[in-house]
Amino acid sequence: MAANWKLLIVEDELGIAHLIKNSIDFDKLSLELCGVAENGKKGLEMIRSLKPDIVITDIYMPVMNGVDMITQASNEGTEAQFIIISGLTQFKYAMSALNAGVCGYLLKPLNKEELNILLEKTIQKIAKSHKVEYQLNIMESMIDEQRKELRNSYLFNLLHFRERVEEKDAASVNENYGFSFSDDGVYTVCVLLLDGLKSMNYSASQTIIDQFSTEAYVHIQPVCIDMEMYLRGNGFVFLCNYAKEDVIKFKGLLSNEFAIIRQKLDNQSEIKVSMACSAEVGSLSEVIGALDSALDTLQARVVLGTEKILFAENLTAMVPERMYKLTEKEATYLTSAIDIKDKDKVKIILGGIYASAIKSAVKYPCHLYDTLTEVTFDIVSLLYRKNITGNMTSKATMMYRNTISQMSTGVDIVEYSVSYIMDMIPDLDSGGSDEKDLAANIRKYIDEHLSEQIRLEDVAAAFYQSPSYFGTVFKNEIGESFSSYLQSVRINHAKELLVNTNDTVDMIAGKCGYLDRRHFSKLFSNIVGVKPNEYRRINR
């Protein structure tokens, strides 16, 4: 079959250029190699003259690097699609290039299967943009594409239209959807989620998700009887069927793949990855329940932390009763604050209610969203009874739950939930209030953690508030900035220890949260006017 698409390789290491070339299935993909360039400058010249459809390029090269070459070529209006090859340490540069419009990346050492899958997807993208029918081997390709769509539709229907899933046994699912499942094995549903992807543009974030899902499939599929993946929001779902004796091997591959993804995102601090896995089930009739189990388990990341794999089997699934209810005391405080139109007090009371609700979910983290939704419904119902706002519709309830499900920290959830309720309450003044309880709790927290490296962010997180909002509230209630107050408490505690104990200055510095004795002594002298040992001598 004649080649339809032209490929250019830009790589300064000849051996890697040959490896790339030898890894590509040119005939199947209808590709032809139109040239190899040894640096970005030469590559840019060849892009101008040869007009390739696809360019595979390294990042670091002499004369001109790959990112600069892509930027220049894009500014000149090239229609070429770019694929970046980089080392793991260069992944942050690959991420930047994805934001600039690069369609994919591959990490060294090169994986032949991943390369050809990415090339195939890139050609499909080009063909679609040119409005031409994409055919590699005509009927074979069409049948293969239909099979992929059928398989993918099975997971889609499980997620969104469960009533459409009539097949409950492996034989009928295999026949109707093109799988090769076996009920002699076991099934597990896993969900991977990337919190924080909103910081990237949509195209770049979807490329990252697509690439991670492709790599996960390539690395995990070999141990499976069959496996299928479905992209879902800022992540993907994968259904795996494997032999019972391969359970340990499957979990090992899962852990390795998760570690690779975490390592790739090491320089992307705003992106947090989490994975949730259902318990193993023995038949396809139980897969819907397993999917629910995985999705419920994923919410535990808010309480237990992101950057880890959460297994449903390790978490308590059943709740004997409702975990948290709005108390009569909380309801009274809230309505009283609303009655006197004290906006700040309403915010603090709401923040405390939601913080308590989240803390109550520590034992049953898989039911966090249900708990928060119930508490929100309680609050709105209270406001409705007081003729303050309308009641909460089922649609509003679902929207609230869906929104908090995209958040990975208690701080974010509390902040959003407080804002959600505040928007319903009309005519609140912004005047301050005497928050003695809050001030007392802050002082208590600082006293209990004085020997630690306390930051405003840490204390704010303990009270489930954003640092900026907490800093403002702290200064209003305590009368000075957080850093100034903390320093005063530490120095005063040091004075007490110098007079009332025989601890060394080093020990006292540590008990007051100072790791460096010299820094402590200098700071003490500047504030008190004498060195620590001199202060001890004078005051004993």
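Use the structure listed above.
What counts, and at which threshold
Residues numbered from 1 in each chain as written. Predicted model: local features only at pLDDT ≥ 70, side-chain atom pairs only at ≥ 80, totals over all residues. Heavy atoms only, no water. Helix = DSSP H or I, 4+ residues; strand = E, 2+ residues; numbered from the N terminus. Buried < 20%, exposed > 50% of the residue type's maximum accessible area, 1.4 Å probe, protein only. Contact = heavy atoms within 4.5 Å. Areas by Shrake-Rupley, 256 points an atom, 1.4 Å probe, with all protein chains shown as cover. Phe/Tyr/Trp six-rings, centres within 6.5 Å; stacked < 30°, edge-to-face > 60°. Lys NZ or Arg CZ within 6 Å of the ring centre and 35° of its normal. Lys, Arg positive; Asp, Glu negative; His and termini not counted. Salt bridge = Lys/Arg side-chain N within 4 Å of Asp/Glu carboxyl O. 1 Å grid on protein atoms, 1.4 Å probe; cavity = no way out; pocket = protein on both sides within 12 Å on 5 of 7 lines; lining within 4 Å. Points joined across faces, edges and corners; volume = space filled by probe spheres on them. Nonpolar A, V, L, I, M, F, W, Y, C, P; charged D, E, K, R; others polar. Pairing = 2+ DSSP bridges. Axes fitted to C-alpha atoms, helices over the stretch in contact; angles between N-to-C directions. Core = buried A, V, L, I, M, F, W, Y, C linked by side-chain atoms within 4.5 Å. Parallel < 35°, antiparallel > 145°, perpendicular 65-115°, else oblique. Disulfide = S-S within 2.5 Å.

(A) Local environment of the overall build of the protein. Helix and strand content of the protein: 24 helices and 10 strands. Within the protein, the proportion of its 540 residues that are buried is 49%. Considering only residue pairs separated by 6 or more positions, the protein has 69% of its internal contacts joining residues 24 or more positions apart. For the protein, the exposed area adds up to about 26300 Å²; of that, 50% sits on carbon and sulfur atoms.

(B) Quick look at the packing of aromatic side chains. Using the criterion set out here, one finds 13 aromatic pairs in the structure. Considering the side-chain rings of Y400 and Y420, the 5.2 Å spacing of their centres and the 50° angle between planes classify their relative orientation as tilted. With Y400 in helix α16 (residues 394–404) and Y420 in helix α17 (residues 410–422), this residue pair connects regions lying 20 residues apart in the sequence. Like Y400, the residue Y420 is buried in the burial classification. The rings of Y154, Y177, F179, F181 and Y187 are connected pair by pair, giving a single aromatic cluster. The lysine or arginine in question, K251, covers the ring of F311, its NZ or CZ lying 5.1 Å from the ring centre. Above the plane of the ring of Y514 lies R490, whose end atom (NZ or CZ) is 5.6 Å from the centre.

(C) Structural detail: the side chain of E11. Structurally, E11 is set in the loop between β1 (5–10) and α1 (14–23). Of the side chains bearing the opposite charge, K108 lies closest to the buried E11, which forms no salt bridge; the N-O distance is 4.3 Å.

(D) Fine view of empty space enclosed by the protein. Throughout the structure, instances matching the rule amount to 1 cavity of 30 Å³ or more. Counted as a void, the largest cavity has a volume near 40 Å³. Lining the largest cavity are T188, Y242, F250, K251, C277, S278, E280, F311 and E313. In the lining of the largest cavity, the residues fall into 4 nonpolar, 2 polar and 3 charged.

(E) Structural view of the sheet that holds strand β5 (residues 104–107). Sheet architecture is open: 5 strands sit in the order β2-β1-β3-β4-β5, paired in parallel fashion. At either margin of the open sheet sits one strand with a lone partner, and together these are β2 (31–37) and β5. Shown here is a sheet whose adjacent strand axes are inclined to one another by a mean of 20°, direction ignored. Direction of pairing for strand β3 (residues 54–58) relative to strand β4 (residues 81–86): parallel, over a ladder of 5 bridges. Counterpart to D58 in the pairing with β4 is I85.

(F) Local environment of the nonpolar core. Counting residues in each nonpolar core, the largest one holds 52 residues, and the members touching the most others are F82, L194, F238, F250 and L254. A total of 6 residues in this core trace back to one element, the largest contributor, which is helix α9 (residues 202–220). Core analysis: the second largest hydrophobic core is formed by 39 residues, I338, A357, Y364 and Y400 among them.

(G) Quick look at the packing of helix α21 (residues 482–500) against helix α23 (residues 517–528). Look at α21 against α23: their axes get within 11 Å of each other, and the N-to-C directions meet at 95°. Judged on the interaxial angle alone, α23 and α21 are roughly perpendicular. Contacts between α21 and α23 pair Q487, I491, A494, K495 and L498 from the former with F520, L523, F524, I527 and V528 from the latter. Among the residues forming the contact of α21 with α23, the class breakdown is 8 nonpolar, 1 polar and 1 charged.

(H) Region of interest: the environment of G185. Within the element layout of this structure, G185 appears in the loop between α8 (170–177) and β6 (186–195). G185 sits in the buried class, given a relative accessible area of 2%. With 39 residues separating them along the chain, G185 and C224 place their C-alpha atoms 9.4 Å apart. Leaving out residues up to four positions away in the same chain, G185 has contacts with I225, N241, Y242, A243, K244 and G282.

(I) Examining the pattern of salt bridges more closely. Going through the model one piece at a time under the given rule, you end up with 13 salt bridges. R151 is the partner of D226 in a salt bridge, and the nearest nitrogen-oxygen pair spans 2.8 Å. Here R151 lies in helix α7 (residues 139–160) and D226 lies in strand β7 (residues 226–232), a separation of 75 residues in the sequence. R151 sits in the buried class, given a relative accessible area of 5%. Bridged by salt links that share partners, the residues R151, D226 and E228 form one connected network.

(J) Structural view of the state of the cysteines. Summed over the entire model, instances satisfying the criterion amount to 0 disulfides. This cysteine, C277, is not joined by any disulfide, and C190 carries the nearest cysteine sulfur, 3.0 Å off.

(K) Local environment of the environment of L150. When you line up the elements, L150 lands in helix α7. Its relative accessible area of 39% is what places L150 among the partly exposed residues. When the C-alpha atoms of L150 and Y177 are compared, they prove to be 5.1 Å apart, with 27 residues separating the residues in sequence. Beyond its immediate stretch of four places on either side in the chain, L150 contacts N176 and Y177.

Treat this as a map of the structure, not an account of what it does.
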